[in-house]
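Topology and contacts: notes
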Amino acid sequence: MLSTGRMGDGEDPPHAHIHSASWGSRGNNQYTFQARNFDVYMHDFDDFLAIAAVGNDGNGGTANTVWSPSTFKNGIAVGASHSYGEDLTGGQLGPAYVASFSSRGPTRDGRMAPHVVAPGRYILSSGALPNRVGECDEGIPAPGQARGGLLSIQGTSMAAPVVAGTAALVWQYFVEGWYPNGRKGSGESIAPSGALVKALLLNGAQTNMKGIDNGKGNVAPVFPYDNTIGFGRIDLQKSLYIERWSDVQVKVWDRENITDGESVQYFVTIDKSNGCAFEQLSVTLVWMDPEVYLGCKECVVNDLDIIITRNESTDEVFYPNGRSSRDDTNNAERIVIADANDGDSFILNVTAFNLDSVTQQFALVATGCFGGFANNLDTSKNVFDNDDSLEKLSQELKKQRIIIITCSTLGAIVVIASLYLVYRRTRDHDSNDAMCRKWISFPCETRNSNQGCVAEIDNSTSGGNKSSGGGAKDEPCAETALQSSN
């Protein structure tokens, strides 16, 4: 499967360098045979990078729900965030939010997963119609619907191809000679390693996500290097340098080798003289680790580490992945320094802490201001920092609650008024009955099968009525008086 598209003709090199896997073994969170096979291939063929969806079992925030093969070490495991504009449904929050279904890490042995997130709810794509020939687009379908040859669908299986396509752009950047000056053809054509492509995407990933959209305005928080977003959302503007059209410049060291116990140093200096205004320095180390036994509890075989010092001071040391010490669990390590000032010098120190082999190859990436030009694009109004969808949804839900409360109150008033009218009628009827008992003081002595209890009033021989207190003719009651003849 992994060799598909890899066999060139004669001296023609392999064409396929990126594999996108939108499938997995549901519920299998450990290092599996599938994960091992991916790692073997990426270790043996260093130009290759696999990208896999983590799965859709994240509802409720349950940890350890990422699926194999995204439990591999050497590829990129991808979670799903929200899309933007017409690809959102009613009540769905915007692009700065993670989809609630996106599976959570870590892997069973504690490695970070997912590594990044990308739009996966919803994604508009082509939809195959096997029973039709020459199907055409028939308009844009609503999110989650199909129309003609187009299909809108959600899932981490949609997010993984987004990352794969972005990885292909990184490949194109180096092959077409954009590096290092940010102009096409200005540099040498380079075939990057899979480790370098992965390092670039992880290095530029941004953590300015606002939370997990659990529906109805219920948002759970996310944090850098957590089990939901990992290194963050992919962002090419923070990953590659295109002159005057990106925020950062980039330095790369690819296919570097290190021996056990060795330390290698690299140096960068912040230079903002040409207008670059980016405030951070971001550095990422990635290596393709050898395969390990299935179900491993400590899965990294060759342990490399990176630390950074500023201005040769040992008092200010920076550690990777948000930690305060070395990371011996992951084979991708990033350090972000928020206040990289003009003129600051940094030492990037890579150490082979413990190797199972003679050497280990790695890729190292640094982004920041390295003498490049300012970005002509105004990114201050980007849809992530300015995502106000939660505020808008909260206002809409508040309006709905007001409407519901108003309608409920009016309904209660109507019910109370109706009950009061029934009560009044019942009371008036009871009052009439009392009057009837007052005017007819004789006991009910005769029960007629058709008329029920009937009051009997004696008549005099002359035909005149006998009554108590004014005579039967003044009675307000409806009872029928039986007359008896003398």
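These figures come from a predicted structure and were not determined experimentally.

1. Describing the layout of surface pockets
Taken as a whole, the largest pocket spans an internal volume of roughly 270 Å³. Lining the largest pocket are 18 residues; nearest its centre among them are L88, Q92, G94, S389 and K392. Of the residues that constitute the lining of the largest pocket, the class distribution is six nonpolar, eight polar and four charged. Approximately 230 Å³ is the volume found for the second largest pocket. Lining the second largest pocket are 13 residues, with E298, C299, V300, D328 and T329 sitting closest to its centre. Residue classes in the lining of the second largest pocket are distributed as four nonpolar, two polar and seven charged.

2. Observations regarding the pairing of strand β13 (residues 263-269)
A regular strand places its side chains on the two faces of the sheet in alternate fashion. Side chains V264, Y266 and V268 project from β13 onto a buried face, and the interleaved S263, Q265, F267 and T269 project onto a face without burial. As defined by bridge partners, β13 adjoins strand β18 (residues 345-354) across seven bridges and the pair is classed as antiparallel. The partner of F267 across the bridge, within β18, is I347.

3. What to know about the sheet that holds β18
Ordered by their spatial adjacency, four strands build an open sheet running β13-β18-β15-β16, and the pairing between neighbours is antiparallel. Looking at the sheet topology across the chains shown, the edges are occupied by β13 and β16 (317-318).

4. Remarks on the packing of aromatic side chains
Following the criterion strictly, the structure yields eleven aromatic pairs and no others. Here the aromatic cluster, defined as three or more aromatic residues joined through ring pairs, consists of Y173, F174, W178 and Y179. Stacked on the ring of F384, the Lys or Arg R233 has its end atom at 3.6 Å from the ring centre. Between R326 and the ring centre of F353, over which it is positioned, the NZ or CZ distance is 3.5 Å.

5. As for helix α1 (residues 33-44)
With twelve residues, α1 should reach 16 Å at 1.5 Å per residue; the first-to-last C-alpha distance of 16 Å fits that figure. Among all positions in α1, only A35, F38, D39, Y41 and M42 are buried. The arc enclosing the buried residues of α1, seen along the axis, measures out at 165°, which places them on a common side. When the buried face of α1 is taken as reference, the exposed residues oriented beyond 90 degrees from it are F33 and D44. Close packing links the buried residues of α1 with β1 (18-21) and β2 (49-53). Where α1 begins, the capping side chain belongs to T32, and its oxygen is found 3.4 Å from the backbone nitrogen of Q34.

6. A look at the confidence of the model for the protein
Per-residue confidence for the protein gives a mean pLDDT of 88; residues scoring 70 or more make up 87%. Scored below 50 in pLDDT, residues 444-486 makes 51 contacts in the model with residues more than four places away or belonging to other chains.

7. Here we look at the nonpolar core
Ranked by size, the top nonpolar core spans 56 residues in total, and within it I51, I76, V78, V163 and L200 carry the most contacts. The set of elements that each furnish at least two residues to this core consists of α1, β2, β3 (76-82), β5 (116-121), α2 (156-175), α3 (194-204), β12 (249-259) and β19 (359-368). The leading source of residues in this core is α2, at nine residues. Once residues within four sequence positions are removed from consideration, L200 is found in contact with V170, F174, S239, L240, V250, V252 and V365.

8. Quick look at empty space enclosed by the protein
Evaluated as defined, the whole model comprises two cavities of 30 Å³ or more. In this structure, the largest cavity spans a volume of roughly 70 Å³. Together, F72, K73, R111, M112, H115, K198, F231, N330, N331 and A332 line the largest cavity. Here the residues of the lining of the largest cavity are counted per class, giving four nonpolar, three polar and three charged.

9. Some words on the sheet that holds β12
With antiparallel pairing, four strands are arranged side by side in an open sheet as β12-β19-β14-β17. Of all strands in the sheet, those bounded by a partner on one side alone are β12 and β17 (332-337). Averaged over neighbouring strand pairs, the angle between their axes works out to 15° when direction is ignored. Judged from the six bridges that link them, strand β14 (residues 281-286) and β17 form a sheet pairing that is antiparallel. Residue pairing for β17: T284 is matched across the bridge by R334.

10. A word on the pattern of salt bridges
The tally for this structure, following the rule as stated, stands at 18 salt bridges. Close ionic contact of D289 with K73 constitutes a salt bridge, the shortest N to O distance being 2.7 Å. One end of the pair, D289, is in the loop between β14 and β15 (303-310); the other, K73, is in the loop between β2 and β3, with 216 residues separating them in the sequence. Comparing D289 with K73 shows no difference in burial state: the two are buried. Close ionic contact of D109 with R111 constitutes a salt bridge, the shortest N to O distance being 2.7 Å. Residue classification places D109 among the buried residues on the basis of a relative accessible area of 14%. You can call R111 buried: its relative accessible area is 3%. Taken together, the shared-partner salt bridges in this structure form one network comprising R233, D235, K238 and D247.

11. Here's the deal with the side chain of T329
When you line up the elements, T329 lands in the loop between β16 and β17. At 3.3 Å, the side chain of T329 forms a polar contact with the side chain of D328. Residues within four places of T329 in sequence aside, it is in contact with D109, G110, R111, V300 and R323.

Quick notes on the rules
- Residues numbered from 1 in each chain as written.
- Predicted model: local features only at pLDDT ≥ 70, side-chain atom pairs only at ≥ 80, totals over all residues.
- Heavy atoms only, no water.
- 1 Å grid on protein atoms, 1.4 Å probe; cavity = no way out; pocket = protein on both sides within 12 Å on 5 of 7 lines; lining within 4 Å.
- Points joined across faces, edges and corners; volume = space filled by probe spheres on them.
- Nonpolar A, V, L, I, M, F, W, Y, C, P; charged D, E, K, R; others polar.
- Buried < 20%, exposed > 50% of the residue type's maximum accessible area, 1.4 Å probe, protein only.
- Helix = DSSP H or I, 4+ residues; strand = E, 2+ residues; numbered from the N terminus.
- Pairing = 2+ DSSP bridges.
- Phe/Tyr/Trp six-rings, centres within 6.5 Å; stacked < 30°, edge-to-face > 60°.
- Lys NZ or Arg CZ within 6 Å of the ring centre and 35° of its normal.
- Expected span 1.5 Å × (residues − 1).
- Arc of directions from axis to C-beta.
- Contact = heavy atoms within 4.5 Å.
- Polar contact = N/O pair within 3.5 Å; in protein donor to acceptor, adjacent residues only side chain to side chain.
- pLDDT = per-residue confidence, 0-100.
- Core = buried A, V, L, I, M, F, W, Y, C linked by side-chain atoms within 4.5 Å.
- Axes fitted to C-alpha atoms, helices over the stretch in contact; angles between N-to-C directions.
- Salt bridge = Lys/Arg side-chain N within 4 Å of Asp/Glu carboxyl O.

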